[in-house]
Structure formats: structure tokens, C-alpha cells
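Observations on chain architecture
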Amino acid sequence: MPIHVVEKDVTDERGTLLAFLAGQRGGVRRALLGLTAEQAASVPSASEMSLHGLLKHVIQAETGWLQWAKGNAPKSFEEATEGWEQGWRPTEEETVEALLARWDEAAAATERFIRSVDLESTFELPPAPWFPKESSLSMRWLLLHLIEEIARHAGHADIIRETIDGKTAFELVAQEEGEDA
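Residues numbered from 1 in each chain as written. Predicted model: local features only at pLDDT ≥ 70, side-chain atom pairs only at ≥ 80, totals over all residues. Heavy atoms only, no water.

**What to know about the overall build of the protein chain**
Counting its secondary structure elements, the protein chain contains 7 helices and 2 strands. What you see in the protein chain, going N to C, is helices and strands ordered as α-α-α-α-α-β-β-α-α. Relative to a compact globule of 181 residues, whose C-alpha radius of gyration would be 16 Å, the protein chain shows 17 Å and is just as compact. For the protein chain, the spread of C-alpha atoms along the principal axes amounts to about 50 × 45 × 25 Å. For the protein chain, the residues scored as buried account for 39% of the 181 residues in total. For the protein chain, contacts bridging at least 24 residues in sequence account for 71% of all contacts bridging at least 6. For the protein chain, the accessible surface area stands at approximately 10400 Å², while carbon and sulfur atoms represent 53% of it. The distance from the centre of the 17 positive side-chain charges to the centre of the 32 negative ones in the protein chain is 3 Å. (Helix = DSSP H or I, 4+ residues; strand = E, 2+ residues; numbered from the N terminus. Rg over C-alpha atoms; globule rule 2.2 N^0.38 Å. Buried < 20%, exposed > 50% of the residue type's maximum accessible area, 1.4 Å probe, protein only. Contact = heavy atoms within 4.5 Å. Areas by Shrake-Rupley, 256 points an atom, 1.4 Å probe, with all protein chains shown as cover. Lys, Arg positive; Asp, Glu negative; His and termini not counted. Charge placed at Lys NZ, Arg CZ, Asp CG, Glu CD.)

Printed below as a string of C-alpha cells:
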């Protein structure tokens, strides 16, 4: 991890977890620093992922989990599956810049929601073959899962970016801070 997440208040579990989530979002965001639209859309590795598609996916994952936690799950398994598949394919209007702005809004919504709920409160999972039947999860689990999901994709983003132009996460942190790598 090329950044150190600062724990501002050891008694604020929620704040610390939100800081870790923000740190992982930063990893994905930095992977896009200075790239052209063509580079962001390129698929330079064995995976079918592009950084542009990955960006759309992590936004959809974060907003989707937040909707589930609020009780607004997709109406059907088919609707959820279709949404997931489309979540990897940015439309023409969904430029990297537009998606980054959308993610800023999503991140603010996530923080407002997490700060408004008890971390022990739970929500029901919608029916899906990969979820246990009739199960519920805590808001703490939701927050930890978002950190896990975005961290996994931040790692993917590191590999894709390094394949595009050789820049590593450490170099991108320095570039973001205006320093020499």
C-alpha cells in the first residue's frame, strides 16, 4: 500500500474505516492520472479489464451495496445480473472525468449513510445464487466489504496502469503530490 491511512481518532471506528475506504478509492483514482481516454479504455493485460471499465464497476459496486443496505435491491436476479454486466462498459457520456465526479458524489453519499447508522444494524440480502438464503449483514460488514472490494480492484488498477506505461503506485502517489518519484 503506497499510502499510510492516518487514524485521526482511535475511538472513531467508523471514521477509521471510512479513511481506509477513501485510501483504496485513491488507489483506483491515481491509476488514471495523466492517461488519455484511449489509454484508460485500453485492455493491455490478459484480463478484459480496462481502467475506464474498472472505474465504472467500482462506482456501481459501491452504490449498489449502499442501495441494498437501504433496502433498495434490484427487483430480480436478472435485473441484478444485467446491471452487473453493464457496469463494466462505460457509455460515451461516461467519460473518466464524468465517472470520477459521480464517484465523488457516491463517496459522499456512502459517508453520510455510514455516519447515520449504527454499525451493528443489519440489512437483508436480496435473493441470489451466491448469497446464503435469508441472510442479513451488518453495516460494519458492508463497510469492510467495500474496503475489500475496492482494494482488490485497486490492485488490478495498479497492474493495468503499470502495463500501460510502466508507472507504479508509488510513482503515481508522487505525481499526485507534485513530487519526483
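Once the structure has been displayed, the description carries forward.
**Structural notes on the nonpolar core**
Grouped together as the largest cluster of nonpolar side chains are 41 residues, with contacts concentrated most on Leu 55, Trp 65, Phe 123 and Leu 142. Sequence-distant contacts of Phe 123, defined by excluding residues within four places in its chain, comprise Trp 65, Trp 68, Ala 69, Ser 135, Ser 136, Leu 137, Ser 138, Met 139 and Leu 142. (Core = buried A, V, L, I, M, F, W, Y, C linked by side-chain atoms within 4.5 Å.)

**Overview of the confidence of the model for the protein chain**
On average, residues of the protein chain carry a pLDDT of 91, and 92% of them reach 70 or more. Put simply, helix α4 (residues 77–86) is where the protein chain has its lowest mean pLDDT, 69, and helix α5 (residues 96–116) is where it has its highest, 98. (pLDDT = per-residue confidence, 0-100.)

**Some details on the packing of α5 against helix α6 (residues 139–165)**
The relative placement of two packed helices is expressed as an angle between their axes plus a distance between the axes. Viewed as axis vectors pointing N to C, α5 and α6 meet at an angle of 155°, and their least axial separation amounts to 11 Å. With respect to α6, the element α5 is oriented roughly antiparallel. Our pair here, α5 against α6, has a crossing hand that is left-handed. In this structure, α5 contributes Trp 103, Thr 110, Phe 113 and Ile 114 to the contact, and α6 contributes Met 139, Leu 142, Leu 143, Leu 146 and Ile 150. Grouping the constituent residues of the contact of α5 with α6 by class yields 8 nonpolar, 1 polar and no charged. (Axes fitted to C-alpha atoms, helices over the stretch in contact; angles between N-to-C directions. Parallel < 35°, antiparallel > 145°, perpendicular 65-115°, else oblique. Left-handed = near helix turned anticlockwise from the far one by under 90°. Nonpolar A, V, L, I, M, F, W, Y, C, P; charged D, E, K, R; others polar.)

**Quick notes on the side chain of Ser 135**
By the element assignment, Ser 135 lies in the loop between β1 (122–124) and β2 (136–138). Note on Ser 135: relative accessible area 14%, which makes it buried. Here Pro 132 takes part through its backbone oxygen, which lies 3.1 Å from a polar atom of the side chain of Ser 135. Among all residues touching Ser 135, those that are not within four sequence positions of it are Phe 123, Glu 124 and Leu 125. (Polar contact = N/O pair within 3.5 Å; in protein donor to acceptor, adjacent residues only side chain to side chain.)

**Remarks on the pattern of salt bridges**
Enumeration over the complete set of coordinates arrives at 10 salt bridges. Between Arg 115 and Asp 12 there is a salt bridge; the shortest N-O distance is 4.0 Å. Highlighted residues: Arg 115 in helix α5 and Asp 12 in the segment before α1 (13–31), separated in sequence by 103 residues. Linking Arg 30 and Glu 176 is a salt bridge whose minimum nitrogen-to-oxygen distance equals 3.2 Å. Taken together, the residues Arg 30 in helix α1 and Glu 176 in helix α7 (residues 169–176) connect sequence positions 146 residues apart. The buried category is assigned to Arg 30, whose relative accessible area is 7%. (Salt bridge = Lys/Arg side-chain N within 4 Å of Asp/Glu carboxyl O.)

**Some remarks on the packing of helix α3 (residues 51–69) against α6**
Two elements in contact, α3 and α6, have axes separated by 10 Å at closest approach and are oriented at 175°. For the element pair α3 / α6, the angle class is roughly antiparallel. Tallied by class, residues from the contact of α3 with α6 come to 14 nonpolar, 4 polar and 3 charged.

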